[in-house]
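Observations on the model geometry
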Amino acid sequence: MFRNPSMLCRSLLALAAFSAVISGAFAQAAASAPPPTVYVKAGHLFDATSDQLRDNVVLVIEGERIAKVGPAAQVAIPAGATVVDLSQDWVLPGLIDCHTHLESRADKYDPINEVKDTPFMGGFNGVVNARQTLQAGFTGVRDLGSQPFFAVDLRRAIDSGYIPGPRVVASGPAISITGGHGDMNGFAPGVENMMYPAERDFAIADGPEQVRHAVREQIKYGVDVIKILATGGVLSLGDKPGAEQLTYEEMKMAADEAHRAGRKVAAHAHGAEGIKDAVRAGIDSIEHGSLIDQEGIDLMKAHGTYLVADIYNDDYILGKAIEFGLPKENVDKEKMVGRLQRENFAKAVAAGVKIAFGTDAGVYPHGDNAKQFHYMVKFGMTPAGAIRAATSSAADLIDRSKDEGTLEAGKYADLIAVTANPLDRVEVLEHVSFVMKGGKVYKDELGAAQAVR
Ligand code: ARG
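The structure contained in this document is the topic of the report that follows. (Residues numbered from 1 in each chain as written. Predicted model: local features only at pLDDT ≥ 70, side-chain atom pairs only at ≥ 80, totals over all residues. Heavy atoms only, no water.)

Structural notes on the side chain of Ser285
Topologically, Ser285 is positioned in strand S10 (residues 285–288). Here Arg142 takes part through its side chain, which lies 3.3 Å from a polar atom of the side chain of Ser285. (Helix = DSSP H or I, 4+ residues; strand = E, 2+ residues; numbered from the N terminus. Polar contact = N/O pair within 3.5 Å; in protein donor to acceptor, adjacent residues only side chain to side chain.)

Below, the structure written as structure tokens:
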């Protein structure tokens, strides 16, 4: 077709020129509709890149991301611009809870619900719980354990704008040994198989090869993170929080398989031996960490493993035990771990173990997540440290530092405001007045977004 090479060259050049015209036209169309620019005036900004506040700052938001953060004196706000006036308030990054169960309700506890509710109930719960969590100022969660694949679908529903909620880092069902914390114990043989055989396929694993299969299956269906159950638990029946469940070899398999696929692993672990084997196996975060000993603390420091300790839970569980008719076995186990968990958390903090904020919301009501800040400060953290556990450190743990966790140019415009200084009294975070996620306002009790210049 081409008589000589130069003709081929010329044709290619013409094609290139043509596509340049086309893409130029598209660029022009895009340029005529730039993402809306919003100027957020922050009286006091905690951007979570340090422990300090800065006064009188303006954040320039273009579309869903932050374009610029600068001193008010240096950022010109054009006449007619859209302004969010938080000039009397304290502005922080949207909070991140690294341990939630958005599928679960906390206003009832009865193991029999497991055989009464269909999976649809979890879906309804998720819609309500996601909204409550976002309204409380949590623009991100890592959801750690639900029926397959609730959290993956929830992430999709929220990301597509169908329902309001936090950004979700999704796990599948927690991987458990037979008879372990994630199994349905206390029923006659066979009941659990009648219920959700598919769920058991994804969650119950004995031996490294079954763990490998469960991890691979979960990844196939879209999870972002793997949750495993290293030890027994409090709110399960027939097992002991202090006792190791998955073996070192099983946990090593989970860590290796997940890491190969670019996923992290979170291990529920109350007991000291289970914690240490999980850390040695390369698990990325220890959830609960209640009975950790000095050797475990040293190991976590050496490996850079995060501790995600739900140290508010004890109040709620024991406070509601009678009303909910919580079985004596669970009450006794909670009494055994509750106080020790807080004391051991303080030791880990003092030793410099990395801490990320995570509450096990779902055990207590969604939306009350921030009640845990009080305990994190009471047990050894500074208010700034506790806030960074729920922002910059949380984003690091969940692998979202590129997009979330601090207020800097390039990150998502996920921010909240409170009307008093959280560095003086961290409890002010229990009453968040303003919530923006991805540049969109989801809560504005202050009328801050009404100000248009
Ligand atoms: N999901 C956890 C378990 O059942 C809750 C532990 C709550 N207690 C506590 N003190 N953090 O083991």
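Remarks on the sheet that holds strand S13 (residues 434–437)
Strand pairs in the sheet, formed through backbone hydrogen bonds, run parallel or antiparallel to each other. Taking strand neighbours across the sheet as the criterion, the seven strands line up as S3-S2-S1-S4-S12-S13-S14 in an open arrangement whose pairing is mixed. Both edges of this open sheet fall to strand S3 (65–71) and strand S14 (440–444), since each of them pairs with a single strand only. Across the sheet, the mean angle separating the axes of adjacent strands is 30 degrees when strand polarity is ignored. Of the pairings in the sheet, the one linking strand S2 (residues 54–62) to S3 comprises six bridges and is antiparallel in character. (Pairing = 2+ DSSP bridges. Axes fitted to C-alpha atoms, helices over the stretch in contact; angles between N-to-C directions.)

Notes on the site of the ligand
Around the ligand, the structure places 15 residues, and the nearest of them are Val234, Leu235, His270, Asp310 and Glu334. In the model, an oxygen atom of the ligand is placed 2.8 Å from a nitrogen or oxygen of the Val234 main chain. A distance of 2.9 Å is found between an oxygen atom of the ligand and a backbone nitrogen or oxygen belonging to Leu235. For the shell around the ligand, the secondary-structure elements that each account for two or more residues are helix H11 (313–324) and helix H12 (328–351). (Near = heavy atom within 4 Å.)

Notes on empty space enclosed by the protein
Inspection of every chain in the model, using the stated rule, returns two cavities of 30 Å³ or more. Each pocket or cavity is described by its volume, and for the second largest cavity that value is around 40 Å³. Around the second largest cavity, the lining residues are Pro93, Gly94, Ile96, Thr139, Asp403, Glu404, Gly405, Thr406, Leu407, Tyr412 and Asp414. Of the residues contributing to the lining of the second largest cavity, the split by class is four nonpolar, four polar and three charged. (1 Å grid on protein atoms, 1.4 Å probe; cavity = no way out; pocket = protein on both sides within 12 Å on 5 of 7 lines; lining within 4 Å. Points joined across faces, edges and corners; volume = space filled by probe spheres on them. Nonpolar A, V, L, I, M, F, W, Y, C, P; charged D, E, K, R; others polar.)

Focus: the packing of helix H3 (residues 119–135) against helix H4 (residues 150–159)
Two elements in contact, H3 and H4, have axes whose closest approach is 11 Å; the angle formed by their N-to-C orientations is 45 degrees. Looking at the two axes, H3 sits oblique to H4. Seen along the crossing, H3 lies across H4 with a hand that is right-handed. Of the residues in H4, those in contact with Gly122, Gly123, Gly126 and Ala130 of H3 are Phe150, Leu154 and Ile158. Residue classes in the contact of H3 with H4 are distributed as four nonpolar, three polar and no charged. (Parallel < 35°, antiparallel > 145°, perpendicular 65-115°, else oblique. Left-handed = near helix turned anticlockwise from the far one by under 90°. Contact = heavy atoms within 4.5 Å.)

Concerning the packing of helix H8 (residues 248–260) against helix H9 (residues 272–281)
Closest axis-to-axis distance for the H8/H9 pair is 8 Å, and the angle between their directions is 40 degrees. What the angle tells us is that H8 and H9 run oblique. Once H8 is placed against H9, the crossing between them reads as right-handed. On the side of H8, the interface is formed by Tyr248, Met251, Lys252 and Ala255, while H9 contributes Gly274, Asp277, Ala278, Arg280 and Ala281. Its residues assigned to classes, the contact of H8 with H9 comprises five nonpolar, one polar and three charged.

As for the packing of aromatic side chains
Working definition: an aromatic ring pair is given by the centre-to-centre distance plus the angle between the planes. Per the stated rule, a full pass over the model turns up eight aromatic pairs. For the ring pair Phe149 and Phe202, a centre distance of 4.9 Å and an interplane angle of 75 degrees mean the geometry is edge-to-face. One end of the pair, Phe149, is in the loop between strand S6 (138–143) and H4; the other, Phe202, is in helix H6 (residues 197–203), and 53 residues separate them in sequence. Linked through ring pairs, Phe138, Phe357 and Phe373 together constitute an aromatic cluster. Over the aromatic face of Tyr375 sits the side chain of Arg342, whose NZ or CZ is 4.0 Å from the ring centroid. (Phe/Tyr/Trp six-rings, centres within 6.5 Å; stacked < 30°, edge-to-face > 60°. Lys NZ or Arg CZ within 6 Å of the ring centre and 35° of its normal.)

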